[in-house]
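One letter stands for each residue in the lines below.
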Amino acid sequence: MQIISNNFAWAFELKPRSVTTHLILHHAAASNATAEGIHAYHLSKGWAGIAYHYFVSKSGAVYSGRPENMCGGHTANWNYCSIGICFEGNFETEEMPEAQLKAGIELVSDIASRYPSIVIARHSYFNQTACPGKNFPFTKLVSGKESEPEKDAEHTDKPSDWAESACSWAVEKGLFLGGENNNFRWREALTRQELALVLERASKLFGV
Ligand SMILES: [Zn+2]
């Protein structure tokens, strides 16, 4: 698929991302937006630049934002492990045009084919936000792909709010590995042998 490259200049060096477990979908929350405009806006907030990896316009053009292997800045506590796509428009009030939907399906499918166990989810699944809006055609965009589980606290792989930053830190440091399906089982109990493994990794990390 054709991706238009903007060659953005970053305000500071981007951080490489070591795990990719989630693809997170956003809207611009503005009826008319451009990748350049979002880049300028995010720079003005003191960020490195556009926080998303891709931007899909209403006309169906796909633009690159941050390089796909770098950390984004689009979803609090989840940037260490996710790719972010932003769709032009405000889908709280608008409906997605056909051309944009078609391009979005193609982009989501392309990313999912490169990360076969990636879980696709709306921004609102992770943070307290309306993004990407109630009219966002999530089911159409992810049809046939692995997508967010039903919102059920007992069955999600999402840590509780109070543990989120600690879990992010533990994954970043390699203390917990997600395994084949990048399932961290945050709400399950640890066995003594798993604890031994985590302690061994921690000991190497801290040199004790
Ligand atoms: Zn968002």
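The rules behind the values
- Numbering of residues begins from 1 in every chain and follows the order in which that chain's sequence is written.
- Local features in this predicted model are restricted to residues of pLDDT 70 or higher, and side-chain atom pairs are both shown and tallied only at a pLDDT of 80 or more, whereas totals for entire chains, interfaces and linings draw on every residue.
- To obtain the side-chain values, all non-hydrogen atoms of the structure were included, while hydrogens and water were left out.
- Residues are said to line a cavity or pocket when one of their atoms sits within 4 Å of a point; the points come from a 1 Å grid over protein atoms alone, cavities being sets where a 1.4 Å probe fits but cannot get out and pockets being open sets with protein on both sides within 12 Å along at least five of seven lines.
- Grid points are joined across faces, edges and corners, and a volume is the space filled by probe spheres set on the points.
- A run of H or I in DSSP counts as a helix once it spans at least four residues, and a run of E counts as a strand once it spans at least two, with each numbered from the N terminus.
- The criterion for strand pairing is that DSSP finds at least two bridges linking the strands in question.
- Orientation is described by axes fitted as lines to C-alpha atoms, over the contacting stretch for helices, and by angles from 0 to 180 degrees between their N-to-C directions.
- Contact between two residues is taken to exist if any of their heavy atoms lie within 4.5 Å; hydrogens are not considered.
- Centres within 6.5 Å make a pair out of two Phe, Tyr or Trp rings, where for Trp the six-membered ring is used; the pair is then stacked when the planes are under 30 degrees apart, edge-to-face when over 60, and tilted otherwise.
- When a residue's accessible area, from a 1.4 Å probe over protein chains only, is under 20% of the maximum for its type it is buried; when over 50% it is exposed; and in between it is partly exposed.
- A donor here means any N, O or S atom no more than 2.8 Å from the metal (3.2 Å for Na, K and Ca); water is not included, so a site may seem to lack partners.

Caption draft 1: Structural detail: the layout of surface pockets. There is about 360 Å³ of room inside the largest pocket. Forming the boundary of the largest pocket are 21 residues, of which F176, F184, R185, W186 and L190 lie nearest the centre. At four residues, the largest contribution of residues to the lining of the largest pocket is made by helix α5 (residues 192–206).

Caption draft 2: Region of interest: the sheet that holds strand β3 (residues 62–64). Pairing is mixed in the open sheet, where five strands are placed in the order β3-β2-β4-β1-β5. Across the chains shown, the open sheet's two edge strands, defined by having one partner strand only, are β3 and β5 (119–122). The average angle at which neighbouring strand axes cross in this sheet is 25 degrees, direction not considered. In the packing of helix α2 (residues 98–114) onto the sheet, contacts are made with β1 (22–27), β2 (54–56), β3, β4 (82–87) and β5, and the angle to β2 comes to roughly 155 degrees.

Caption draft 3: A look at the packing of aromatic side chains. Under the defined criterion, the tally for this structure stands at eight aromatic pairs. Consider the rings of F8 and W10, whose centres lie 6.0 Å apart with planes at 70 degrees: the pair is edge-to-face. Consider the rings of Y125 and F126, whose centres lie 5.2 Å apart with planes at 90 degrees: the pair is edge-to-face. We classify Y125 as buried; its relative accessible area is 10%. Residue class for F126 comes out buried when judged on its relative accessible area of 6%. Every member of this aromatic cluster is reached through a ring pair, and the members are W78, Y125 and F126.

Caption draft 4: Structural detail: the coordination of the zinc ion. With distances of 2.1 to 2.2 Å, the protein atoms coordinating the zinc ion are H26 (ND1), H123 (ND1) and C131 (SG). Look at H26 and you get buried, because its relative accessible area is 1%. A relative accessible area of 10% means that H123 is categorised as buried.

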